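Architecture and fold: a report
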Amino acid sequence: MPWSTWTTKSFGFSSARVERKSPGRSRRPRRTWRRYSSQPVTVGELATILALSAGVQQWVEGAEVTIPLKTSPSGGARHATECYVVARDVKGLRKGIYHYAPARHGLTRIGKPVSIARMRSYVPGSEYFAKASAMVFFTSIFARILWRYPYARAYRAALIESGHVCQTFLLAATSLGLAPFSVMALADSVIERDLGID
């Protein structure tokens, strides 16, 4: 699926806050946290994290299509990883479920607010994560990779790409002094239903 077939609507973020720092400053303190501040994450912090981990940084004219470049590698520049935000307590953003549009650096609200009990059900056995200001879920659009690489290795490429994007997300959040987490213990069917994906 070429990028030119995508459509986007809704609102965009203002510019992301990017500061030049030593890479070690964000990598050394990087941990999976289980305690969170009572202060909400701001919409600016969320925008910065999404821009640095999943946002399009620039476009390059290819032989056949215009290609997006991001901060994480992607086989054939397919960038199959998508981000969904469940905002519980983000200052400056209404509670609800959002899809992140990397080409325009904005969010589209796709669902109503989610209760803490429902957020707990997303991460069985790791309920303490439900107190986070927001949860960001990474999904893959396999058709985007298969459009370029129509063979079984495309599945592996999607998983590797998601790992790159997740680690970049965690480092970006850490560099802002936030307490990010990642977890594999997910209730997939519950999350898929709420995000409207399969």
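Please refer to the structure placed before this passage.
Residues numbered from 1 in each chain as written. Predicted model: local features only at pLDDT ≥ 70, side-chain atom pairs only at ≥ 80, totals over all residues. Heavy atoms only, no water.

1. Overview of unusual backbone geometry
Notably, histidine 79 is not glycine yet its phi reads approximately 45 degrees, a positive angle. Mapped onto the elements, histidine 79 comes out in the loop between strand 4 (66–69) and strand 5 (81–87). Although it is not a glycine, histidine 105 sits at a positive phi angle of roughly 55 degrees. Note on placement: histidine 105 falls in the loop between strand 7 (96–101) and strand 8 (106–111). Judged by relative accessible area, histidine 105 falls into the buried class, the value being 15%. (Helix = DSSP H or I, 4+ residues; strand = E, 2+ residues; numbered from the N terminus. Buried < 20%, exposed > 50% of the residue type's maximum accessible area, 1.4 Å probe, protein only.)

2. As for the pattern of salt bridges
Side chains bearing opposite charge may pair, as long as their charged atoms lie close to each other. Within this structure, the stated rule accounts for two salt bridges. The residue arginine 144 makes a salt bridge to glutamate 82 at a minimum N-O spacing of 3.0 Å. Of this pair, arginine 144 sits in helix 4 (residues 142–146) while glutamate 82 sits in strand 5, and the two are 62 residues apart along the sequence. No difference in accessibility class separates arginine 144 from glutamate 82, as the two residues are buried. (Salt bridge = Lys/Arg side-chain N within 4 Å of Asp/Glu carboxyl O.)

3. Comments concerning a nonpolar patch on the surface
A contiguous nonpolar surface patch, about 390 Å² in accessible area, is contributed by Phe142, Leu146, Tyr155 and Leu159. Those elements that place two or more of their residues in the nonpolar patch are helix 4 and helix 5 (153–175). Considering the arrangement of structural elements, one finds leucine 159 in helix 5. (Patch = residues over 30% accessible without salt bridge, like charges linked within 9 Å, V, L, I, M, F, W, Y side chains within 5 Å. Areas by Shrake-Rupley, 256 points an atom, 1.4 Å probe, with all protein chains shown as cover.)

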